[in-house]
Amino acid sequence: MAPLEIGRLLARVRRMGIEIGRVHFFPVIASTQDEAVRLAHAGAPEGTLVVAGRQTRGRGRVGRTWFSPAGAGLYASLVLRPPVPPSEWPVLSVLAGVAVVEEIQRLGVTQARLKWPNDALIGGRKVAGILTEAFPDAGFAVLGLGLNASFRGVEVPPDLAEVATDLETHLQPGTDLNEAAARVLLAVIASYQRALPDLRIVPDRAGRLLWTAGEVVVGGVRGRVAGLTPAGELWLVEEDGHAVAVSVGEVTDDRRD
Ligand code: BTN
């Protein structure tokens with residue numbers, strides 16, 4: 001399989017006909033997220049995209065770091081200026097997660113699942129993550145996508161190797177990895193454009209993608225994952241059958257058997 005090469009990937013993105021804004025490419029950067037936030041504060045328009053070959057301080061959700069060596073992944077941050085009230089912005093994360101998982105499934109990896117709110121898993125291991133940061137007072141949000149494209153020839157730290165996987169491992173031989181990664185990125189952009197002006201997800205469609213371990217704990221609520229609301233909240237059914245929609249938190253696998 002051809003290795004991931006950001007220049008080729010961007011060329012494919014441009015050819016796919018979905019409207020994107022100016023692309024700022026950095027062979028090396030601390031974090032595309034930080035750069036996109038900086039550009040947005042300086043007035044960068046909606047659709048501005050920051051992409052890097054590698055990151056030296058890639059950031060994940062809840063203060064984690066994002067493994068970002070050269071050739072291993074797609075590291076991209078997109079400036080959005082959603083024309084909807086900031087109260088609706090939280091759905092952006094789930095919308096993007098759904099788009100990533102759907103596109104990975106379309107690439108033939110039917111076992112891809114969404115671990116709410118926006119982790120893409122294959123076989124229970126993380127293949128992509130999304131970091132959404134909102135600056136409602138400044139009128140923008142930045143959506144960061146980290147996709148583990150290919151770990152071939154990459155020294156993956158042992159603790160990460162246990163919980164992560166790369167897309168290449170699961171693609172049909174002969175699949176163009178650059179094309180595949182470009183498609184995932186474009187799917188995120190396209191799903192946002194299609195969702196406007198509503199920023200809603202389609203619960204029936206998105207709910208089918210959910211990763212459902214036995215019991216999980218989210219924001220102190222223990223239950224079984226049962227679906228999504230149009231606003232991207234997660235339905236949990238507690239032991240007594242009571243359904244609760246949670247809007248923030250981290251899904252912790254809490255299987256007791
Ligand atoms: C997660 O924790 O799952 C979210 C990971 C988001 C990583 C991406 S890589 C591109 C962008 N720049 C960053 O520093 N982080 C995001």
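This structure is a prediction, so every number in the text was calculated from the model and none was measured.

Undergrad: So what exactly am I meant to see when it comes to unusual backbone geometry here?
TA: Apart from glycine, the bulk of residues carry a negative phi angle, and the bulk of peptide bonds sit in the trans form. Here the bond from tryptophan 116 into proline 117 is cis, since omega is 0 degrees, no more than 30 degrees from zero. At the junction of leucine 196 and proline 197, the peptide bond is cis and its omega measures out at 10 degrees in the coordinates. Positive phi, normally seen in glycine, also occurs at valine 62, with a value near 40 degrees. Checked against the element boundaries, valine 62 lands in the loop between strand 2 (49-55) and strand 3 (73-80). Judged by its relative accessible area of 63%, valine 62 falls in the exposed class. The backbone phi angle of leucine 199 is positive, close to 45 degrees, even though this residue is not glycine. By the element assignment, leucine 199 lies in the loop between helix 5 (177-195) and helix 6 (203-207).

Undergrad: Explanation requested: the side chain of glutamate 35 in the structure shown.
TA: Checked against the element boundaries, glutamate 35 lands in helix 2 (residues 32-41). Judged by relative accessible area, which is 13%, glutamate 35 ranks as buried. There is a polar contact of 2.8 Å between the side chain of glutamate 35 and the side chain of arginine 38. Dropping the residues within four chain positions of it, glutamate 35 is found in contact with Phe26, Ile29 and Val50.

Undergrad: In this structure, what is going on with the layout of surface pockets? I would like to understand it.
TA: Using a probe with the size of a water molecule, rolled over the atoms, empty space left in the structure can be pinpointed. Approximately 720 Å³ is the volume found for the largest pocket. Taken together, the elements giving at least two residues each to the lining of the largest pocket come down to helix 2, strand 3, strand 5 (119-122), strand 6 (125-135), strand 7 (140-148), helix 4 (158-163) and strand 12 (252-253). Looking at the lining of the largest pocket element by element, the count peaks at five residues for strand 6. Looking at the lining of the largest pocket residue by residue, the classes come out as 14 nonpolar, 14 polar and 10 charged.

Undergrad: What am I meant to see in empty space enclosed by the protein here?
TA: By the definition in use, this model includes one cavity of 30 Å³ or more. If you trace the largest cavity, you find it lined by Leu49, Ala76, Ser77, Leu78, Leu143, Leu145, Leu185, Val188 and Ile189. For the lining of the largest cavity, the elements supplying multiple residues, two or more each, are strand 3, strand 7 and helix 5. Considered class by class, the residues forming the lining of the largest cavity number eight nonpolar, one polar and no charged.

Undergrad: What am I meant to see in the nonpolar core here?
TA: Side chains of a nonpolar character, in soluble globular proteins, are inclined to be buried together. Counting residues in hydrophobic clusters, the biggest one holds 70 residues, and the most contacted among them are Leu74, Val100, Ile104, Trp116, Leu167 and Leu234. Top element by residues in this core is helix 5. It accounts for 12 residues. Not counting chain neighbours up to four residues away, the residues in contact with valine 100 comprise Ala120, Ala128, Ile130, Leu145, Val184 and Val188.

Conventions we followed
Residues numbered from 1 in each chain as written. Predicted model: local features only at pLDDT ≥ 70, side-chain atom pairs only at ≥ 80, totals over all residues. Heavy atoms only, no water. Helix = DSSP H or I, 4+ residues; strand = E, 2+ residues; numbered from the N terminus. Buried < 20%, exposed > 50% of the residue type's maximum accessible area, 1.4 Å probe, protein only. Polar contact = N/O pair within 3.5 Å; in protein donor to acceptor, adjacent residues only side chain to side chain. Contact = heavy atoms within 4.5 Å. 1 Å grid on protein atoms, 1.4 Å probe; cavity = no way out; pocket = protein on both sides within 12 Å on 5 of 7 lines; lining within 4 Å. Points joined across faces, edges and corners; volume = space filled by probe spheres on them. Nonpolar A, V, L, I, M, F, W, Y, C, P; charged D, E, K, R; others polar. Core = buried A, V, L, I, M, F, W, Y, C linked by side-chain atoms within 4.5 Å.

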